[in-house]
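For reference, the chains in residue letters:
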Amino acid sequence: MNIFSRIIEFFSGGFSRIVSVLFGRGRWMLIVNGLKVTLLLSFFSVIIGTVIGTVVALIKVAYVNRPKSKVLKALNTVATLYVNVVRGTPTVVQLLIMNFVVFASSSNMILIAVLTFGINSGAYVSEVMRAGINAVDYGQTEAGRSLGLSEYDTMKEIVLPQAIKNILPALGNEFITLIKETSIAGYIALQDLTKAGDLIRFATYEAFIPLITVALIYLVIVLGLTKLVSMLERRLAKSDNRR
Amino acid sequence: MITVVDLHKSFGDNHVLRGINDTIEQGEKVVVIGPSGGGKSTFLRCLNLLERPTSGQIIFDGEDITDPKCNINLVRRRMGMVFQNFNLFPHLTIRKNITLAPVKLGLMNREEADARCDELLKRVSLSQKAEAYPGSLSGGQKQRIAIVRSLAMNPDVMLFDEPTSSLDPEMVGEVLDVMRELALSGMTMVVVTHEMGFAREVGTRILFMDRGIILEQNTPKEFFANPKEERTKEFLSKVL
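Attention here is on the structure that accompanies the text. Bear in mind that the values here come from a model prediction, so they are computed numbers and not experimental data. (Residues numbered from 1 in each chain as written. Chains lettered and ligands numbered in written order. Predicted model: local features only at pLDDT ≥ 70, side-chain atom pairs only at ≥ 80, totals over all residues. Heavy atoms only, no water.)

### Remarks on the overall build of chain A
Argument step 1. Scanning chain A for helices and strands turns up ten helices and zero strands.
Argument step 2. Mapped in sequence order, the helices and strands of chain A form the string α-α-α-α-α-α-α-α-α-α.
Argument step 3. Rg of the C-alpha trace for chain A: 22 Å, well past the compact-globule value of 18 Å for 243 residues, more than 25% over.
Argument step 4. Referenced to the eigenvectors of the C-alpha coordinate spread, the extents of chain A come out at roughly 70 × 55 × 30 Å.
Argument step 5. Sorting the 243 residues of chain A into buried and exposed places 44% on the buried side.
Argument step 6. The contacts in chain A between residues at least 6 apart in sequence include a share of 73% that link residues at least 24 apart.
Argument step 7. Carbon and sulfur atoms make up 68% of the accessible area of chain A, which totals about 13200 Å².
Argument step 8. Averaged over its 24 positive side-chain charges, chain A has a centre that lies 2 Å from the centre of its 14 negative ones. (Helix = DSSP H or I, 4+ residues; strand = E, 2+ residues; numbered from the N terminus. Rg over C-alpha atoms; globule rule 2.2 N^0.38 Å. Buried < 20%, exposed > 50% of the residue type's maximum accessible area, 1.4 Å probe, protein only. Contact = heavy atoms within 4.5 Å. Areas by Shrake-Rupley, 256 points an atom, 1.4 Å probe, with all protein chains shown as cover. Lys, Arg positive; Asp, Glu negative; His and termini not counted. Charge placed at Lys NZ, Arg CZ, Asp CG, Glu CD.)

Below is the structure:
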């Protein structure tokens, strides 16, 4: 049977088949629980990634502004090493190393996966953030400082809000990638959405229905996130209105 | 009020300021003019340490602000600065642009800052723009807001770095009017500008800077009528 007839079957005649594959013997609970794991991993990884990414970006920017500071120089070296190592190795390998080497004694797979994905994402977020901060005209910093605002306040109140507005599409991109990247969690025996679909495939000898279902769920999550990002974009674009 | 002692500033091999000595008294309106590349803007930017001098001292109200122990943030609260490119914060409304620093630094509460903002906006006839964003303003309006933003801090001295140089000609007047009014109110001002009419009319002292030094200084009347240095004469013959 070719793929088109399978698609037609999926949406019409095969309804009872779909029900039996997905709902027989409580298999839908696999999907629900898998979805929970995927959402959990995504949510906390995005938060950790954003925090790490912002800190690393701030270190790098601060070092450029004050190349003489020894502390910043050391931090910058660590940050650069971190970005290079994380970007230079596959996420699956990082996940396996975290599980079987770094946290070999821990059995909290969720925590291990969240840390891995968060640390991984942080490297990419930091580069996006750095580009965003550097794109804000230096005159903005000078204006803030000339009013007596500290370096910290100027960054927080003036530079970062403008940087984030500019990099929002790129950040959205990174978070979408991250959500989909969590699908490798099965490598350390976590039952995420992908793993759930695969388990149903295994149990029912039916590949099409569970895998397409899983793919559709990912698609809905990503579309939801896309919507959220564009809403945020519109809100931040308020200051662009020229009346 | 501000005493500058043997101020030098280099950018790499480029020795921009080569020993500036001057004292700016309270209430003075010092206008700095001269050919481009002469160090005018660098001199002005050194006064609030946007550029760190390579050597020399700047003493503001008895405090050496070039001393690394000096808290420059506290000094800058008392020195307003207006930039050539306005540098308004585009993501904030005009009201927030003006009230951000005073509120953030705890000098005023929200209500006081809002009241001060309304009063200042009225002074520059831009009350209706309080809730607008900088993107909707003309260049002249932006610069008037930038002046007001500095004034909201109640500074003791105002520094102007070519405030009209990036404006369309028909907008120069409205900004100079605000500065003129500010001068009349007794504010101490240091203005880098190419507006010779303004220099002559508002300035109490003209500094002519060339190649990193103050080549000549005088009252506006004397300066424009009887320039002494050859370079000054040459410069004035080109711009007047």
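Further notes follow.
### What about the side chain of T38 of chain A?
Argument step 1. Tracing the sequence through the fold places T38 of chain A in helix α3 (residues 28–65).
Argument step 2. One polar contact links the side chain of T38 of chain A to the main-chain amide nitrogen of L193 of chain A, over a distance of 3.0 Å. (Polar contact = N/O pair within 3.5 Å; in protein donor to acceptor, adjacent residues only side chain to side chain.)

### Looking at the pattern of salt bridges
Argument step 1. Inspection of the entire model under this criterion finds 25 salt bridges over all chains.
Argument step 2. Here D198 of chain A makes a salt bridge to R201 of chain A, at a shortest N to O gap of 2.8 Å. Of the two residues, D198 of chain A and R201 of chain A both sit in helix α9 (residues 193–204), three residues apart, roughly one turn of that helix.
Argument step 3. For D198 of chain A, a relative accessible area of 30% puts it in the partly exposed group.
Argument step 4. As a salt-bridge pair, R144 of chain B and E174 of chain B come within 2.5 Å of each other at their nearest N and O atoms. Of this pair, R144 of chain B sits in helix α5 (residues 139–151) while E174 of chain B sits in helix α6 (residues 169–184), and the two are 30 residues apart along the sequence.
Argument step 5. Residue R144 of chain B is classed as buried on the basis of its relative accessible area of 11%.
Argument step 6. Several salt bridges share partner residues, and in doing so they unite R95, R110, D114, D118 and E131 of chain B into one network. (Salt bridge = Lys/Arg side-chain N within 4 Å of Asp/Glu carboxyl O.)

### With respect to unusual backbone geometry
Residues and elements named next belong to chain B.
Argument step 1. Although it is not a glycine, N154 sits at a positive phi angle of roughly 50°.
Argument step 2. Take N154: it is sitting in the loop between α5 and β7 (157–161).
Argument step 3. When its relative accessible area of 44% is taken as the criterion, N154 is described as partly exposed.
Argument step 4. Non-glycine residue E162 carries a positive phi angle of around 45°.
Argument step 5. Counting through the fold element by element, E162 comes out in the loop between β7 and α6.

### Some points on the sheet that holds strand β3 (residues 29–33) of chain B
Residues and elements named next belong to chain B.
Argument step 1. Here we have six strands laid out as an open sheet, ordered β6-β7-β8-β3-β9-β10, and mixed in their pairing. At either end of the open sheet lies a strand with only one pairing partner, and these are β6 (79–82) and β10 (213–218). When strand polarity is set aside, the average angle formed by the axes of neighbouring strands in this sheet is 20°.
Argument step 2. As judged from the four bridges shared by β3 and strand β8 (residues 188–192), these two strands associate in the parallel manner. Across the sheet, K29 pairs through a bridge with M189, a residue of β8.
Argument step 3. Where α6 meets the sheet, it contacts β3, β7 and β8, and its direction lies at approximately 145° from that of β8. (Pairing = 2+ DSSP bridges. Axes fitted to C-alpha atoms, helices over the stretch in contact; angles between N-to-C directions.)

### Here we look at the packing of aromatic side chains
Residues and elements named next belong to chain B.
Argument step 1. The final tally for this structure, using the stated rule, is four aromatic pairs over all chains.
Argument step 2. Residues F208 and F223 carry aromatic rings whose centres are separated by 6.3 Å and whose planes lie at 35° to one another, so their mutual orientation is tilted. With a gap of 15 residues between them, F208 in strand β9 (residues 205–210) and F223 in helix α8 (residues 220–225) connect regions that are remote in the sequence. Accessibility classification places F208 together with F223 in one group, the buried group.
Argument step 3. The rings of F208, F223, F224 and F235 are connected pair by pair, giving a single aromatic cluster. (Phe/Tyr/Trp six-rings, centres within 6.5 Å; stacked < 30°, edge-to-face > 60°.)

### Focus on the sheet that holds strand β4 (residues 55–60) of chain B
Residues and elements named next belong to chain B.
Argument step 1. What the four strands build is an open sheet, ordered β2-β1-β4-β5; its pairing is antiparallel. Single-partner strands in this sheet number two, and they are β2 (14–24) and β5 (63–64).
Argument step 2. Of the strand pairs in this sheet, strand β1 (residues 2–11) and β2 are connected by eight bridges, and their pairing is antiparallel. Note that in β2 the partner of T3 across the bridge is T23.
Argument step 3. Its contacts with the sheet place helix α1 (residues 40–47) against β1, β2 and β4, and it is angled at close to 120° to β1.

### A short note on α1 of chain B
Argument step 1. Of all the eight residues making up α1 of chain B, seven are buried; the element is thus mostly covered by neighbouring parts of the structure.
Argument step 2. Restricting attention to buried positions, one finds in α1 of chain B the residues K40, T42, F43, L44, R45, C46 and L47 of chain B.

### Comments concerning the interface of chain B and chain A
Argument step 1. With 26 residues of chain B in contact, the opposing surface of chain A contributes 23 residues.
Argument step 2. Note on chain B versus chain A: buried area summed over both sides is about 2200 Å², and carbon and sulfur give 57% of it.
Argument step 3. Per-residue buried area on chain B facing chain A is highest for H91, K104 and Y133 of chain B; these three make up 25% of the total on that side.
Argument step 4. Notably, a salt bridge pairs E157 of chain A with K104 of chain B, separated by 3.0 Å at the nearest N-O pair.
Argument step 5. When the residues that make up the side of chain B that touches chain A are grouped by side-chain class, the tally is 13 nonpolar, seven polar and six charged. (Buried area = accessible area lost by both parts, 1.4 Å probe. Nonpolar A, V, L, I, M, F, W, Y, C, P; charged D, E, K, R; others polar.)

Honestly, it's all geometry; don't read function into it.
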